[in-house]
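Chain residues, written in single-letter form:
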Amino acid sequence: MSRSLLLSLCLALPALFPMPSRAVPPAVPTDDPQVAAAYAADQRERADLAQQTSKDALRSFAERLAAADAARRRVVMDALRDGRLRTAADYRHAATVMQHGQAAGDYALAHALATMGGALAPDDRDLRWLAAAATDRWLLAHRQPQWYGTQPVCDARADPPVCRLDVAEGAVDDAARAAAGIAPLAELRDQADARARQLGEQLRGAKAAAR
């Protein structure tokens, strides 16, 4: 074989049998910023509840919060429609926003989102708590006793205020509650009573300051 022919073959081989390229690892999905911002606002505004010191202030706060919650649910629905929920945090943020809705459909979607997030992060107890809380809210929306006891229903108009915790006995046990990061039922009832007392003290303090 001539030297020129050998050289031509050597030059042609890379074109015929290209070297395998290095595998490019898939990009790690990042949290959706709009859903994350909606979640942050949801939590920040709810932290202001303790600052409301009268029944009128509580009513006005609830009205403003309901309007803001509705806007945040639209953010979540847009992200869901556009396929932007990709991380466990996305699903946790979206589930939190939806479970603060006002209709049974909101709570059903919150449960589905928390369940989807749990598939991505099986050890995330917050997502299990959200699934349980959404279940309780869905049941209350259908005028049924809740299962886990995550949702005390407080009435600030009563004198003194009361926080009811209607739970279907035996629907789930304390072991199931513990798996979702929820306290035993007896402790939940004590917490509801404590919340009612705190609300009463908050309103009494407001009345005394107004005199």
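The rules we used
- Residues numbered from 1 in each chain as written.
- Predicted model: local features only at pLDDT ≥ 70, side-chain atom pairs only at ≥ 80, totals over all residues.
- Heavy atoms only, no water.
- Helix = DSSP H or I, 4+ residues; strand = E, 2+ residues; numbered from the N terminus.
- Buried < 20%, exposed > 50% of the residue type's maximum accessible area, 1.4 Å probe, protein only.
- Axes fitted to C-alpha atoms, helices over the stretch in contact; angles between N-to-C directions.
- Parallel < 35°, antiparallel > 145°, perpendicular 65-115°, else oblique.
- Left-handed = near helix turned anticlockwise from the far one by under 90°.
- Contact = heavy atoms within 4.5 Å.
- Disulfide = S-S within 2.5 Å.
- pLDDT = per-residue confidence, 0-100.
- Salt bridge = Lys/Arg side-chain N within 4 Å of Asp/Glu carboxyl O.
- Polar contact = N/O pair within 3.5 Å; in protein donor to acceptor, adjacent residues only side chain to side chain.

A word on the overall build of the protein
Then, in step 1: Helices and strands together make up the secondary structure of the protein, namely eight helices and two strands.
Then, in step 2: Start at the N end of the protein and walk to the C end: the helices and strands fall as α-α-α-α-α-α-β-β-α-α.
Then, in step 3: Taken across its 211 residues, the protein has 35% of its residues classed as buried.

Thoughts on unusual backbone geometry
Then, in step 1: With an omega of 5 degrees, the peptide bond between D159 and P160 qualifies as cis.
Then, in step 2: On the secondary structure map, P160 appears in the loop between β1 (153-155) and β2 (162-164).
Then, in step 3: You will see that R143, though not glycine, has its phi angle at about 60 degrees, which is positive.
Then, in step 4: Mapped onto the elements, R143 comes out in the loop between α6 (125-141) and β1.

Observations regarding the packing of helix α4 (residues 88-99) against α6
Then, in step 1: Where α4 contacts α6, the axes come no closer than 10 Å and their chain directions differ by 25 degrees. It follows that α4 is roughly parallel to α6 by the angle criterion. The two elements α4 and α6 cross, and the hand of that crossing is left-handed. When α4 is examined against α6, the residues A88, Y91, R92, A95, T96 and Q99 are found in contact with a partner set consisting of D126, L127, W129, L130, A133, A134 and R137.

Considerations on the state of the cysteines
By definition, a disulfide is the covalent link that joins the sulfur atoms of two cysteine residues.
Then, in step 1: Within this structure, the stated rule accounts for one disulfide.
Then, in step 2: For C154, the disulfide goes to C163, at an S-S distance of 2.0 Å. Around the S-S axis, the bridge from C154 to C163 shows a dihedral of about 105 degrees and counts as right-handed.

Points about the confidence of the model for the protein
Then, in step 1: Summarising the model, the protein shows a mean pLDDT of 86, and 82% of its residues fall at 70 or more.
Then, in step 2: No element of the protein has a lower mean pLDDT than helix α1 (residues 3-16), which averages 49, and none a higher one than α4, which averages 98.
Then, in step 3: Below a pLDDT of 50 lies the segment residues 9-13, which in the model reaches one contact outside its immediate sequence neighbourhood of four places, other chains included.

So, the environment of A71
Then, in step 1: Here A71 is to be found in helix α3 (residues 55-81).
Then, in step 2: Spatially, the C-alpha atom of A71 lies 8.8 Å from that of A38, the residues being 33 residues apart in sequence.

Some words on the pattern of salt bridges
Then, in step 1: The tally for this structure, following the rule as stated, stands at 12 salt bridges.
Then, in step 2: Note that D106 is salt-bridged to R73, the shortest N-O span being 3.7 Å. Of this pair, D106 sits in helix α5 (residues 104-120) while R73 is found in helix α3, placing the two residues 33 residues apart along the sequence. As far as the burial class goes, D106 and R73 line up, both buried.
Then, in step 3: Connected through shared salt-bridge partners, D32, D78, R81, D82 and R84 make up one network.

Points about the packing of helix α2 (residues 33-46) against α4
Then, in step 1: Where α2 meets α4, the axes come as close as 9 Å, and the angle between the chain directions of the two elements is 45 degrees. Classified by the angle between their axes, α2 and α4 sit oblique to one another. Our pair here, α2 against α4, has a crossing hand that is left-handed. Along its contact with α2, which presents V35, A36, A38, Y39, D42 and Q43, the element α4 presents D90, H93, A94, T96 and V97.

Digging into the side chain of T96
Then, in step 1: Here T96 shows up in helix α4.
Then, in step 2: T96 sits in the buried class, given a relative accessible area of 7%.
Then, in step 3: Within the local environment of T96, its side chain forms a polar contact with the backbone oxygen of R92, the two atoms lying 2.8 Å apart.
Then, in step 4: T96 has contacts with Y39, D42, Q43 and L130, leaving out every residue within four places of it along the chain.

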